[in-house]
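Report on the structure
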Amino acid sequence: MKEIGTVRSLRGNNAEVEIKRNSACGDCGACHISKDQSVMLTTAKNTVNAKNGETVEVEMQFVNVFVAAFIMYGIPLVAFILGSSVTYYVIGSFKLGLDQVLVSFLTGICLTAIAYLAIRHFDRQGLFNSKYQPVIIAVIDNAEIKSTPMEKRMGN
């Protein structure tokens, strides 16, 4: 998946890139979206030594988009389902006198929250940055943007 954006700031080998958000973009949380939700900020590997203010082409491998979506949505979903199911059968087998459905639902919610907190912790530790971080693949001349149709720039 390729996007075109503008470098806003540099931090070591990374660049903060402002990308105009398109309609196909979801709300996975990987990018920081502006208040009006028309622009998103993302941190990308600056492999081409782009400078502040330059227009760049940013790419994220399609497979990595799916993996990132699974991390953000799939892991918490699995935590909810496992937490609810296991608790439901454990409470049912021990006859503890608790509301089986309510307790299993609340356990699923708690495990979902724990999964999100764990993902956030590991993300802040930088575990996901090296594998799932977008990469700046080219600096684009502003004249080229105006004269070239979007399909050609995106490789379609």
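You'll find the structure just up there.
Notes on the structure in this doc start here. Here the structure is a predicted model, which means the values were calculated and not measured.

How each quantity is defined
Residues numbered from 1 in each chain as written. Predicted model: local features only at pLDDT ≥ 70, side-chain atom pairs only at ≥ 80, totals over all residues. Heavy atoms only, no water. Helix = DSSP H or I, 4+ residues; strand = E, 2+ residues; numbered from the N terminus. Buried < 20%, exposed > 50% of the residue type's maximum accessible area, 1.4 Å probe, protein only. Contact = heavy atoms within 4.5 Å. Expected span 1.5 Å × (residues − 1).

**Thoughts on the overall build of the protein**
Summing up its helical and strand segments, the protein has five helices and six strands in all. Listing each helix as α and each strand as β along the protein from the N terminus yields β-β-β-β-β-α-α-α-β-α-α. Each of the 156 residues in the protein was classed as buried or not, and the buried ones make up 26%. Across the protein, contacts joining residues at least 24 apart in sequence account for 68% of those joining residues at least 6 apart.

**Concerning helix 2 (residues 100–124)**
An ideal rise of 1.5 Å per residue puts 36 Å on 25 residues; helix 2 measures up with 36 Å between its terminal C-alpha atoms. Inspection of helix 2 places Ser-104, Gly-108, Thr-112, Ala-115 and Ile-119 among the buried residues, and these make up the whole buried set. Looking at the buried side of helix 2, the elements it contacts are helix 1 (62–94).

**Digging into the environment of Val-58**
Structurally, Val-58 is set in strand 5 (residues 55–59). A relative accessible area of 4% places Val-58 in the buried class. Once you skip the residues sitting within four places of it in the chain, Val-58 turns out to touch Met-1, Lys-2, Glu-3, Val-17, Ile-19, Ala-44, Pro-134, Val-135 and Ile-136.

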